[in-house]
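# Working through the structure, step by step
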Amino acid sequence: MTTHQTITTGPVRTRTHSWQPRPEATPELLSMSGLDILRAALKGELPAASMTSTLGFRLTEVGDGLAVFEGDPGDHLLNPMGTVHGGFLATLLDSALGSAVMTRLPAGTTYTTVQLGVHMIRPVLAGTPALRCEGVALHVGRTTATAEARVTGTHDGRLYAHGTTTCAILRA
(Lines give C-alpha, C1' and ligand atoms only; values in the text may rest on other atoms or scores of the structure.)
Protein backbone atom coordinates (compact mmCIF):
# COMPACT_ATOMS: atom_id res chain seq x y z
CA MET A 1 0.00 0.00 0.00
CA THR A 2 1.34 3.41 -0.97
CA THR A 3 0.75 6.41 1.22
CA HIS A 4 0.99 9.96 -0.02
CA GLN A 5 2.39 12.77 2.03
CA THR A 6 1.59 16.42 1.45
CA ILE A 7 4.67 18.62 1.42
CA THR A 8 4.22 22.28 2.31
CA THR A 9 6.17 24.64 0.08
CA GLY A 10 5.16 28.08 1.24
CA PRO A 11 3.06 30.82 -0.33
CA VAL A 12 2.27 30.83 -4.04
CA ARG A 13 4.47 33.19 -6.03
CA THR A 14 3.49 35.15 -9.09
CA ARG A 15 5.53 36.56 -11.93
CA THR A 16 4.25 39.13 -14.38
CA HIS A 17 5.87 40.18 -17.61
CA SER A 18 5.00 42.70 -20.29
CA TRP A 19 5.96 42.93 -23.91
CA GLN A 20 5.33 45.00 -26.99
CA PRO A 21 3.80 43.20 -29.97
CA ARG A 22 5.91 42.55 -33.04
CA PRO A 23 5.64 45.49 -35.45
CA GLU A 24 3.88 45.17 -38.79
CA ALA A 25 6.11 44.43 -41.78
CA THR A 26 6.22 48.00 -43.11
CA PRO A 27 8.34 48.96 -46.15
CA GLU A 28 10.73 50.71 -43.72
CA LEU A 29 11.16 47.56 -41.62
CA LEU A 30 11.53 45.37 -44.71
CA SER A 31 14.33 47.65 -45.94
CA MET A 32 16.43 47.05 -42.80
CA SER A 33 19.23 44.47 -42.62
CA GLY A 34 19.24 41.94 -39.79
CA LEU A 35 21.98 43.89 -38.03
CA ASP A 36 19.98 47.13 -38.34
CA ILE A 37 16.90 45.44 -36.86
CA LEU A 38 18.83 44.07 -33.89
CA ARG A 39 20.59 47.39 -33.29
CA ALA A 40 17.19 49.15 -33.31
CA ALA A 41 15.85 46.61 -30.81
CA LEU A 42 18.90 47.10 -28.60
CA LYS A 43 18.30 50.88 -28.62
CA GLY A 44 14.59 50.40 -27.84
CA GLU A 45 13.52 51.74 -31.24
CA LEU A 46 11.93 48.35 -32.06
CA PRO A 47 10.40 46.00 -29.49
CA ALA A 48 12.45 43.12 -28.18
CA ALA A 49 11.34 39.61 -29.12
CA SER A 50 8.47 38.71 -26.78
CA MET A 51 10.27 35.48 -25.80
CA THR A 52 12.85 37.51 -23.91
CA SER A 53 10.39 38.90 -21.38
CA THR A 54 8.69 35.52 -21.01
CA LEU A 55 11.90 33.78 -19.91
CA GLY A 56 13.78 36.73 -18.41
CA PHE A 57 16.65 37.43 -20.77
CA ARG A 58 17.72 40.38 -22.91
CA LEU A 59 19.84 41.34 -25.89
CA THR A 60 22.91 43.24 -24.63
CA GLU A 61 25.25 43.51 -27.62
CA VAL A 62 25.26 43.03 -31.39
CA GLY A 63 27.89 43.34 -34.09
CA ASP A 64 28.78 41.83 -37.44
CA GLY A 65 28.33 38.10 -36.82
CA LEU A 66 27.90 38.60 -33.05
CA ALA A 67 24.92 38.57 -30.70
CA VAL A 68 25.06 38.57 -26.90
CA PHE A 69 22.18 37.91 -24.52
CA GLU A 70 22.08 37.86 -20.72
CA GLY A 71 19.55 35.82 -18.79
CA ASP A 72 18.41 35.66 -15.19
CA PRO A 73 17.77 32.19 -13.77
CA GLY A 74 15.21 31.91 -10.99
CA ASP A 75 12.91 29.50 -9.20
CA HIS A 76 10.18 30.14 -11.79
CA LEU A 77 12.32 28.13 -14.25
CA LEU A 78 12.88 25.01 -12.12
CA ASN A 79 12.29 21.48 -13.31
CA PRO A 80 11.04 18.71 -10.94
CA MET A 81 14.65 18.01 -9.83
CA GLY A 82 15.09 21.56 -8.52
CA THR A 83 17.49 22.84 -11.18
CA VAL A 84 16.76 25.37 -13.91
CA HIS A 85 15.11 23.58 -16.83
CA GLY A 86 17.45 22.88 -19.73
CA GLY A 87 14.96 24.57 -22.05
CA PHE A 88 16.02 27.91 -20.58
CA LEU A 89 19.63 27.32 -21.64
CA ALA A 90 18.54 25.91 -25.01
CA THR A 91 16.38 28.99 -25.68
CA LEU A 92 19.15 31.36 -24.59
CA LEU A 93 21.56 29.55 -26.95
CA ASP A 94 19.05 29.44 -29.82
CA SER A 95 18.44 33.19 -29.47
CA ALA A 96 22.15 34.10 -29.53
CA LEU A 97 22.92 31.64 -32.34
CA GLY A 98 20.06 32.77 -34.58
CA SER A 99 20.64 36.44 -33.87
CA ALA A 100 24.36 36.09 -34.72
CA VAL A 101 23.27 34.70 -38.11
CA MET A 102 20.66 37.46 -38.43
CA THR A 103 23.37 40.16 -38.10
CA ARG A 104 24.77 39.00 -41.44
CA LEU A 105 21.49 38.92 -43.36
CA PRO A 106 20.59 41.61 -45.92
CA ALA A 107 17.23 43.39 -45.95
CA GLY A 108 14.27 41.20 -46.84
CA THR A 109 16.01 37.99 -45.73
CA THR A 110 15.07 35.85 -42.74
CA TYR A 111 16.20 32.56 -41.27
CA THR A 112 14.86 29.62 -39.32
CA THR A 113 16.67 27.13 -37.12
CA VAL A 114 16.80 23.65 -38.64
CA GLN A 115 19.26 22.09 -36.20
CA LEU A 116 20.22 22.99 -32.64
CA GLY A 117 22.91 21.16 -30.70
CA VAL A 118 23.13 21.89 -26.98
CA HIS A 119 25.71 20.69 -24.45
CA MET A 120 24.95 21.45 -20.80
CA ILE A 121 28.11 21.43 -18.71
CA ARG A 122 26.97 22.26 -15.19
CA PRO A 123 23.62 22.76 -13.48
CA VAL A 124 22.03 26.16 -13.22
CA LEU A 125 20.27 26.72 -9.89
CA ALA A 126 17.53 29.16 -8.91
CA GLY A 127 20.11 31.34 -7.17
CA THR A 128 22.66 31.32 -10.00
CA PRO A 129 23.44 34.93 -10.97
CA ALA A 130 22.98 36.20 -14.53
CA LEU A 131 24.31 34.16 -17.41
CA ARG A 132 25.89 35.58 -20.57
CA CYS A 133 25.41 33.87 -23.93
CA GLU A 134 27.63 34.96 -26.80
CA GLY A 135 26.78 33.71 -30.28
CA VAL A 136 29.12 33.96 -33.27
CA ALA A 137 28.16 33.30 -36.89
CA LEU A 138 30.68 30.97 -38.53
CA HIS A 139 29.20 30.73 -42.04
CA VAL A 140 26.33 32.58 -43.66
CA GLY A 141 25.78 31.42 -47.21
CA ARG A 142 23.03 31.69 -49.79
CA THR A 143 20.88 28.88 -48.35
CA THR A 144 22.38 27.84 -44.99
CA ALA A 145 24.23 29.33 -42.05
CA THR A 146 26.06 27.96 -39.01
CA ALA A 147 26.94 29.51 -35.67
CA GLU A 148 28.31 28.58 -32.25
CA ALA A 149 27.64 30.00 -28.78
CA ARG A 150 28.75 29.70 -25.17
CA VAL A 151 26.84 30.38 -21.93
CA THR A 152 29.08 31.62 -19.14
CA GLY A 153 28.43 33.01 -15.69
CA THR A 154 28.65 36.80 -15.46
CA HIS A 155 29.79 36.31 -11.86
CA ASP A 156 32.40 33.59 -12.31
CA GLY A 157 33.16 33.25 -16.03
CA ARG A 158 32.55 29.49 -15.81
CA LEU A 159 31.11 27.62 -18.79
CA TYR A 160 27.54 26.43 -18.18
CA ALA A 161 26.59 25.33 -21.71
CA HIS A 162 27.60 25.62 -25.34
CA GLY A 163 25.89 24.91 -28.62
CA THR A 164 25.76 25.07 -32.38
CA THR A 165 23.11 25.70 -34.98
CA THR A 166 22.38 25.25 -38.63
CA CYS A 167 19.88 27.73 -40.06
CA ALA A 168 18.03 27.81 -43.35
CA ILE A 169 18.26 31.19 -45.07
CA LEU A 170 14.90 32.36 -46.44
CA ARG A 171 15.16 34.96 -49.18
CA ALA A 172 12.17 37.07 -50.21
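Our subject is the structure listed above.
First things first, this report covers the structure right here in the doc.

Conventions adopted
Residues numbered from 1 in each chain as written. Predicted model: local features only at pLDDT ≥ 70, side-chain atom pairs only at ≥ 80, totals over all residues. Heavy atoms only, no water. Salt bridge = Lys/Arg side-chain N within 4 Å of Asp/Glu carboxyl O. Helix = DSSP H or I, 4+ residues; strand = E, 2+ residues; numbered from the N terminus. Polar contact = N/O pair within 3.5 Å; in protein donor to acceptor, adjacent residues only side chain to side chain. Contact = heavy atoms within 4.5 Å. 1 Å grid on protein atoms, 1.4 Å probe; cavity = no way out; pocket = protein on both sides within 12 Å on 5 of 7 lines; lining within 4 Å. Points joined across faces, edges and corners; volume = space filled by probe spheres on them. Nonpolar A, V, L, I, M, F, W, Y, C, P; charged D, E, K, R; others polar. Core = buried A, V, L, I, M, F, W, Y, C linked by side-chain atoms within 4.5 Å. Buried < 20%, exposed > 50% of the residue type's maximum accessible area, 1.4 Å probe, protein only. Pairing = 2+ DSSP bridges. Axes fitted to C-alpha atoms, helices over the stretch in contact; angles between N-to-C directions.

## A short note on the pattern of salt bridges
Throughout the structure, instances matching the rule amount to six salt bridges. A salt bridge links R58 to E70; the nearest nitrogen and oxygen atoms lie 3.9 Å apart. Linking R58 in strand 1 (residues 57-63) with E70 in strand 2 (residues 66-71), this pair joins segments that are 12 residues apart in sequence. Members of the salt-bridge network, linked through shared partners, are R58, E70 and D72.

## Some remarks on the side chain of T52
As for its position among the elements, T52 is in helix 3 (residues 50-55). Engagement of the side chain of T52 in a polar contact is seen with the backbone oxygen of A49, the distance being 2.7 Å. Setting aside anything within four residues of it in sequence, one finds T52 in contact with F57 and F69.

## Describing the layout of surface pockets
One number sums up the size of the largest pocket: a volume of about 1,000 Å³. As for the largest pocket, its lining consists of 37 residues, and the residues nearest its centre are R22, I37, L38, A49 and M102. Here the residues of the lining of the largest pocket are counted per class, giving 22 nonpolar, 12 polar and three charged.

## Considering the nonpolar core
Judged by nonpolar contacts, the single largest core of 32 residues is most densely connected at F69, F88, L92, L93, L131, C133 and V151. For this core, the elements supplying multiple residues, two or more each, are helix 2 (34-43), strand 1, strand 2, helix 4 (86-102), strand 4 (131-140), strand 5 (144-153) and strand 6 (159-171). Looking at which element gives the most residues to this core, the answer is helix 4, with nine residues. Not counting chain neighbours up to four residues away, the residues in contact with L93 comprise V118, C133, A149, R150, V151, A161, H162 and G163.

## Here we look at the sheet that holds strand 5
Sheet strands associate in pairs through backbone hydrogen bonding, adopting either a parallel or an antiparallel arrangement. The strand order across the open sheet built from six strands is 1-2-4-5-6-3, with neighbouring strands paired in antiparallel fashion. Edge positions in the sheet fall to strand 1 and strand 3 (109-120), since each has one partner strand and no second. Averaged over all pairs of adjacent strands, the angle between their axes in this sheet comes to 20 degrees, without regard to strand direction. Where strand 5 lies against strand 6, nine bridges are found, and the strand directions are antiparallel. Bridging across to strand 6, A147 finds its partner in T165. Contacts between helix 4 and the sheet are confined to strand 1, strand 2, strand 3, strand 4, strand 5 and strand 6, with strand 4 contributing the most and set at about 40 degrees to the helix.

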